[in-house]
Amino acid sequence: MESKLSLITRNTAEVVTPEELKQALENGRRLKGYLGFEPSGLFHIGWLIWAQKVKDLLQAGVDMSLLVATWHAWINDKLGGNMEMIKLAGDYAITVLDSFGISRSKIHVIDAEDMVKDKDYWSLVLRVAKNTSLARMKRALTIMGRKADEAELDSSKLIYPAMQVSDIFYMDLDIALGGTDQRKAHMLARDVADKLGKKKVIAIHTPLLVGLQGGQRMNPGVDEDEALADIKMSKSKPETAIFINDEPEEVEGKLMTAYCPKGVVENNPVLQINKYILFQVDDKGLKVERDAKFGGDVHFNTYEELEKAYAEGKLHPKDLKVATARKLNQVIDPLRKSIKSRPEYDKLAKEIARSVSR
């Protein structure tokens, strides 16, 4: 049980609550978990954080489902509201995850379109809405990368949080996995569970990867979720992201221009890529190759060793960036190859690139 608990909780930002998770594991019943994602564009490396956590949960014996949130993406105006493109983007993401080691045979892939055909699902949505104030629902819009006042222009946005909560109840889940940006939906689900006679879901939140531009300290009084949305790596801000479609030289070029001041650890995207991705997916550590006059090659077995050396100024930003680019390309190369050979995905990538450039 302790090894399962360690697997599930490693590299997480928060578990709500650790006591409930431990008790659920001690009960011996196989737990049901899920991760829902909007198929809204190209797969960027920030998604590898939750993808690795899906692998951890599977290894811990959790029965995992991946919800391809097609209707959610449509409500959120992703890919121009083109449902065919949204569905193709969902297939593309599942293919990438398969090449990352999350085999389709190990998980349940669920399309939101299948759930919305059931009147019982919509009954849940209405019941959640009836037990949630308008103010609370508007505050939860940050889960979809929106601000509260955006519902003034399109009231369908208000349905989104109720749908996400209903997804959890409809699938009768024990665990809801997501980035910290999904916290408000998971807390809403926990708050209304008793009113609807549903189990209180255990929420597991993974860290968000800051965009390549880095980030500044949040000002007092600013909504934390909205502030995080501004600095996190995002498909909607491609200049701040590394995509698994990017060629090796593109990955290297983006990292070489990334925010990475000497000795600065906070909101440093290059260090975060190591902390949240590279040291999680590969236990061989990071090798930094340097000329002898700069100290020669050095190998970091743990992220803590790397961060300490960088904070003390013993590792130059350029050396860190070059080593990180080399290792990251090794990690994403099989993912890149899995989609490069599929003409439909190549066409999707080009259409997305055109839409972003317009």
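Rules and cut-offs
Residues numbered from 1 in each chain as written. Predicted model: local features only at pLDDT ≥ 70, side-chain atom pairs only at ≥ 80, totals over all residues. Heavy atoms only, no water. Phe/Tyr/Trp six-rings, centres within 6.5 Å; stacked < 30°, edge-to-face > 60°. Buried < 20%, exposed > 50% of the residue type's maximum accessible area, 1.4 Å probe, protein only. Helix = DSSP H or I, 4+ residues; strand = E, 2+ residues; numbered from the N terminus. Lys NZ or Arg CZ within 6 Å of the ring centre and 35° of its normal. Expected span 1.5 Å × (residues − 1). Polar contact = N/O pair within 3.5 Å; in protein donor to acceptor, adjacent residues only side chain to side chain. Salt bridge = Lys/Arg side-chain N within 4 Å of Asp/Glu carboxyl O.

*Asks:* Explain the packing of aromatic side chains to me, please; I cannot follow it from the model alone.
*Replies:* The geometry of an aromatic ring pair is captured by the separation of the ring centres together with the interplanar angle, meaning the angle of the planes. Tallied over the entire structure, the rule returns eleven aromatic pairs. Taken together, a centroid distance of 5.1 Å and an interplanar angle of 70° make the contact between F43 and W47 edge-to-face. On the accessibility criterion, W47 (10% relative accessible area) is buried. Centroid distance W47 to W50: 5.5 Å. Interplanar angle 50°. Geometry classified as tilted. Of this pair, W47 and W50 both sit in helix α3 (residues 47–59), separated by three residues, roughly a single helical turn. Joined through ring pairs, the aromatic side chains of W71, W74, Y121, W122 and Y170 make up one cluster. When the ring centre of F100 is taken as reference, the NZ or CZ atom of K55 above it lies at 4.2 Å.

*Asks:* What is the right way to look at helix α5 (residues 83–99) in this model?
*Replies:* An α-helical turn contains 3.6 residues, so any two residues separated by three or four positions project in the same direction. Spanning 17 residues, α5 covers 25 Å between terminal C-alpha atoms, matching the ideal 24 Å at 1.5 Å per step. Along α5, the residues classified as buried are M83, M85, I86, A89, G90, Y92, A93, I94, T95, V96 and L97. Among the residues of α5, the N-terminal cap falls to N82, whose side-chain oxygen and the backbone nitrogen of E84 are separated by 3.1 Å. Note on α5: the residue one or two positions beyond its end, G101, has a positive phi of about 105°.

*Asks:* Mind showing me how you'd approach the pattern of salt bridges here?
*Replies:* Side chains bearing opposite charge may pair, as long as their charged atoms lie close to each other. For the coordinates displayed, the defined rule picks out 25 salt bridges. Across the pair R10 and D56 runs a salt bridge whose closest N-O atoms are separated by 2.7 Å. Remark: D56 occurs in helix α3 and R10 occurs in the loop between α1 (2–9) and β1 (14–16); sequence separation between them is 46 residues. Exposure remark for R10: the relative accessible area of 34% places this residue in the partly exposed category. With a relative accessible area of 2%, D56 lands in the buried category. Through salt bridges with shared partners, a single ionic network connects R29, D172, D174 and K199.

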